[in-house]
Amino acid sequence: MKLIIKENSANGSLWAARHIAEKINAKAKVSDKPFVLGLCTGSTPIETYAELARMVKAGEVSFKNVISFNMDEYVGLPESHPESYHSFMHKNLFDHIDEPAENIHILNGNAPDLDAECEAYEKAIAAAGGFDLFLGGIGEDGHIAFNEPFSPLTSRTRVVTLTEDTRIVNSRFFGGDMNLVPKQALSVGVATVTDSKEVVILAFGPKKARAIHDAVEGAYSHMCTVSALQNHQNGIIVCDEAAVGEIKVNSYKYFKAVELAEKL
């Protein structure tokens, strides 16, 4: 695992977008196989998606040979609902890039058999060749996707029950009413994410500082599911200064030194 520490969320978001574009372009130069990309939702990736959309329009990258899989979706929320992750992704990314519709995959939270939907999703990821890169966010309690604390680090795509804390946090998208936030979701598992060749996690703001501390300096534990990146050879957490406020000074200096050395 390594940390990329930028001055603010805007700079961190730009770094992530350009990193993803570089990886897509690099694979396109050496292979006809599609680039398989994992995607997240929430307020954190919005600036990254905006930059990717700009880069597509500018001809700096193309999603024509990208296959994407989103990490989660609410159970029982209509796809047309403004707060469904289907709606979010089209509004913030898919409507602005050239990815073919048939390459876009988002879990169906209204499937008649949710377990079968999750199993089919895992098979579709495997059939695509597995993730080249997975872009994710991090919850205030250190969860990745909807893998709440105490989710198995070996977990796969499944039905999950959302904690009260997560529903309270997400209520900001539902007019502040936690009762409007679905109680369940479909989510890729921790192992689904960590099977990726590369994982990039975005973490911005002081509310993420405790989670970053636990993920980086804490135990490898199901209490903080993003800590699974400690065992990943290509795990990257992109932070702003506010999000690293609780890690040790020497840890901060180490990661900044590594980042500087890689620029040389």
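Here the structure is shown first, and the text comes after it.
Residues numbered from 1 in each chain as written. Predicted model: local features only at pLDDT ≥ 70, side-chain atom pairs only at ≥ 80, totals over all residues. Heavy atoms only, no water.

Participant: Mind showing me how you'd approach unusual backbone geometry here?
Facilitator: Here Ala 145, not a glycine, exhibits a phi torsion of approximately 55°, which is positive. Inspection of the secondary structure puts Ala 145 in the loop between strand E6 (133-136) and strand E7 (158-161). In this structure Ala 145 comes out as buried when scored by relative accessible area, which is 8%. Despite not being glycine, Phe 150 has its phi angle at roughly 80°, a positive value. By relative accessible area, which is 55% here, Phe 150 ends up exposed. (Helix = DSSP H or I, 4+ residues; strand = E, 2+ residues; numbered from the N terminus. Buried < 20%, exposed > 50% of the residue type's maximum accessible area, 1.4 Å probe, protein only.)

Participant: When you look at the pattern of salt bridges in this model, what are you seeing that I'm missing?
Facilitator: It is possible for side chains bearing opposite charge to pair when their charged atoms get close. What the rule picks out here adds up to 14 salt bridges. The salt bridge involving Arg 54 is made with Glu 60; its shortest N-O contact spans 3.2 Å. Linked through salt bridges whose partners overlap, the residues forming this network are Arg 18, Glu 51, Arg 54 and Glu 60. (Salt bridge = Lys/Arg side-chain N within 4 Å of Asp/Glu carboxyl O.)

Participant: Honestly, the layout of surface pockets in this entry has me stumped. Any pointers?
Facilitator: With a probe scaled to a water molecule rolled over the atoms, the places where space remains empty come into view. In this structure, the largest pocket occupies an estimated 860 Å³ of space. For the largest pocket, the lining is made up of 39 residues, of which Gly 42, Ser 43, Asn 170, Arg 172 and Phe 173 are closest to its centre. Put simply, the parts of the chain that give the lining of the largest pocket at least two residues each are strand E4 (72-74), helix H3 (85-92) and helix H5 (164-170). Take the lining of the largest pocket: its biggest share by element is five residues, from H3. (1 Å grid on protein atoms, 1.4 Å probe; cavity = no way out; pocket = protein on both sides within 12 Å on 5 of 7 lines; lining within 4 Å. Points joined across faces, edges and corners; volume = space filled by probe spheres on them.)

Participant: Would you take a moment to explain the side chain of His 232 for this structure?
Facilitator: Assignment of secondary structure puts His 232 in the loop between helix H7 (209-217) and strand E10 (235-240). At 2.7 Å, the side chain of His 232 forms a polar contact with the backbone oxygen of Ser 196. Here the side chain of His 232 touches Gly 235 through a polar contact of 3.4 Å, landing on its backbone nitrogen. Look past the residues within four positions of His 232 in its chain and what remains in contact with it is Met 1, Thr 194, Ser 196, Lys 197, Glu 198 and Val 199. (Polar contact = N/O pair within 3.5 Å; in protein donor to acceptor, adjacent residues only side chain to side chain. Contact = heavy atoms within 4.5 Å.)

Note that all results are geometric; they support no functional claim without further evidence.
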